[in-house]
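The lines below spell out each chain.
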Amino acid sequence: MLLSGDPPRGRILSAMLATIVAVLAVAPFLFPSTRALAVAERIAILIVLTASYDMLLGYTGIVSFAHTMFFGMGAYGVAIALTRFGAGWGQVVIGALAGMLLAIVVAAIVGLLSLRVRAIFFAMITLAVASFAQILASTMRDWTGGEDGLTFEVPKTLTSAFRLGGGYNGNLVTYYLIFTVAAVLFLFLLRVVNSPMGRVLQAIRENEFRAEALGLRTLWYRTLAGAIAAAAASLAGSLLALQLRYTGPDATLSFSLMVDILLIVVIGGMGTLYGAIVGATIMTMAQYYLQPAMGGLANAFSGVPLMQAVLDPDRWLLWLGLLFIAIVYFFPTGIVGRLRTP
Amino acid sequence: MSEVLLELRGVETRVGRYQILHGVDFAARRGRVTMLLGRNGAGKTTTLRTIMGLWRAGAGSITFAGRRIEALGTPEIARLGIAYVPETMGIFSQLTVRENLLLATGRDGLASDRLDRLFALFPALRERYSVPAGVLSGGQKQMLAIGRAIIEPRSLLVVDEPTKGLAPHVIEVLIEVFRRLKQSETTILLVEQNFRMAVSVGDDVAVMDDGRIVHAGSMADLAADEALQHRLLGLSLAVHQ
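Residues numbered from 1 in each chain as written. Chains lettered and ligands numbered in written order. Predicted model: local features only at pLDDT ≥ 70, side-chain atom pairs only at ≥ 80, totals over all residues. Heavy atoms only, no water.

A. Region of the structure containing the overall build of chain B. Within chain B, the regular secondary structure consists of 10 helices and 10 strands. Projecting the C-alpha coordinates of chain B onto the three principal axes gives extents of approximately 45 × 40 × 35 Å. The buried share among the 241 residues of chain B stands at 54%. Sequence-distant contacts, at least 24 apart, represent 65% of the contacts inside chain B between residues at least 6 apart. Carbon together with sulfur atoms contributes 47% to the accessible area of chain B, which is approximately 10100 Å² in total. Measuring between centres, the 29 positive side-chain charges of chain B sit 4 Å from its 26 negative side-chain charges. (Helix = DSSP H or I, 4+ residues; strand = E, 2+ residues; numbered from the N terminus. Buried < 20%, exposed > 50% of the residue type's maximum accessible area, 1.4 Å probe, protein only. Contact = heavy atoms within 4.5 Å. Areas by Shrake-Rupley, 256 points an atom, 1.4 Å probe, with all protein chains shown as cover. Lys, Arg positive; Asp, Glu negative; His and termini not counted. Charge placed at Lys NZ, Arg CZ, Asp CG, Glu CD.)

B. Molecular detail of the pairing of strand E1 (residues 4-15) of chain B. All names here are of chain B. Two strands pair when backbone bridges link them, and E1 and strand E2 (residues 18-29) are joined in this way by nine bridges, in the antiparallel orientation. From the neighbouring strand, Leu8 faces E2, where its bridge partner is Phe26. Taken together, E1 and the strand that follows it, E2, pair antiparallel across an intervening segment of two residues, in which Gly16 is found at a positive phi of about 65 degrees. Looking at chain direction, E1 and strand E4 (residues 57-64) are connected through six bridges and run antiparallel. Residue pairing in the sheet places Thr13 in a bridge with Ala57 of E4. (Pairing = 2+ DSSP bridges.)

C. Just the sheet that holds strand E9 (residues 204-209) of chain B, in detail. Residues and elements named next belong to chain B. One open sheet accounts for six strands, arranged E6-E7-E8-E3-E9-E10; its pairing is mixed. Looking along the sheet, the strands with just one partner apiece sit at the ends: strand E6 (82-85) and strand E10 (212-218). Adjacent strand axes in the sheet meet at a mean angle of 15 degrees, parallel and antiparallel pairs treated alike. When E6 meets strand E7 (residues 156-160), the two strands line up parallel, connected through four bridges. Directly across from Ala83, in E7, lies its bridge partner Leu157. (Axes fitted to C-alpha atoms, helices over the stretch in contact; angles between N-to-C directions.)

Next up, the structure:
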């Protein structure tokens, strides 16, 4: 029921997913450091962002480069509301809803105007729209803080000044807010892709003309999928704003973030949704821990001249790239695609 | 004489730079099986795709149940009650048999009486109900494609070369299925290269050549006239028995 009749299928995959979710569920108690908590929060946020993108790319076959724009709308919605009207829960809710509403409207407009064109032209249009949003965020300084972005106060309940007892504080509240909202959004997306609508989306991905010949209004369904994905991405952006207490173009609207999302979807497995959980975890762990791990290994092999050079922490991006190539080579349908039984 | 359900008048269709249909005129009557025959490249598939709005008619009219449909979009045409089974079977290989059938209903469940009727026609689909359609055999895929077209009551069934590439025993199954559909007075427009099947199930026939209808009449008359078969289709029923 909770998984909408779509369990992970496959023992290894189920164990992997259960471990990730269980660790995320108790992360503040297992890893009390601020950095570890930030990693867990980022994983939870990226799961929602990537799952919503997978609904577009993996389930509907829509290639969009504007997904981070919707992520940014949610983040800026909360940031602007908190900056302008003070650090209250009402502002958080209003900001998140405003960002989500804007994301839905823009996604619907972009969809209705451009989903009729061929996939490659649609992708180009979304790229242009995303670039425009990035420029807009950088130039509307009064509202967005320009390139510097916005730093703001969050409700006191979410800060370390809010004491919970037992050594815990508002950071724990922030974490469980992010974890709970992310879990609810993921389960909602899982429900959508396993609903009659999800079936139509998969039919559209496979052959749009065949779907139309069955009487399905594909433009409407594609636009609806785009709007739902945009809404989820926007809410993920709002969570990021609460986590970072900062929003800027690089953090939410950058093209490198868009590439990260694409990589996570490919690594995790397109059209599986569960791939978002595996992919986001691998990507975030690699981004945060590969460099220090290489530093440790370089020290361990300090006596071996070539190994020390190869494991130099400054070369972490090279190893990250090789790791991704290996994953794509050995798991062409993504990790979940490979581990999932038909 | 039963009433006309679908009528094409002077339909012209271009695909890219090429004009494929040069004024197609024919009618399909309610409760009958109309065969659309012709050599390869005569324009049969283009005619069906034009009826479904997948390719736009540049000129002429298409009337279905008294309503002009040539300007409507494909989903709207399908929703008027026309089920289309394309030449390539048109199944969704990554969805299960059940999910393929559900797509045609627009609901989250299948009526048990319709499902029983379908399984009576295609018992193989019952056994493979929960497997992805992509793993079905060619014949089973065709059964699914036809099954999906008839799972809901439709006014007209438009089928493009259902026997193409299928084994003889599967063709026999399909012939029997179309006979049964005919008995239930389903209106069918059927493009077919297999002349034996055409004779077995067809009531009326329209023969196409070079994007035009060059003969229209009863299937029985064409089946009985070997010289006419030779002239129109370059074959005779005798060699296809």
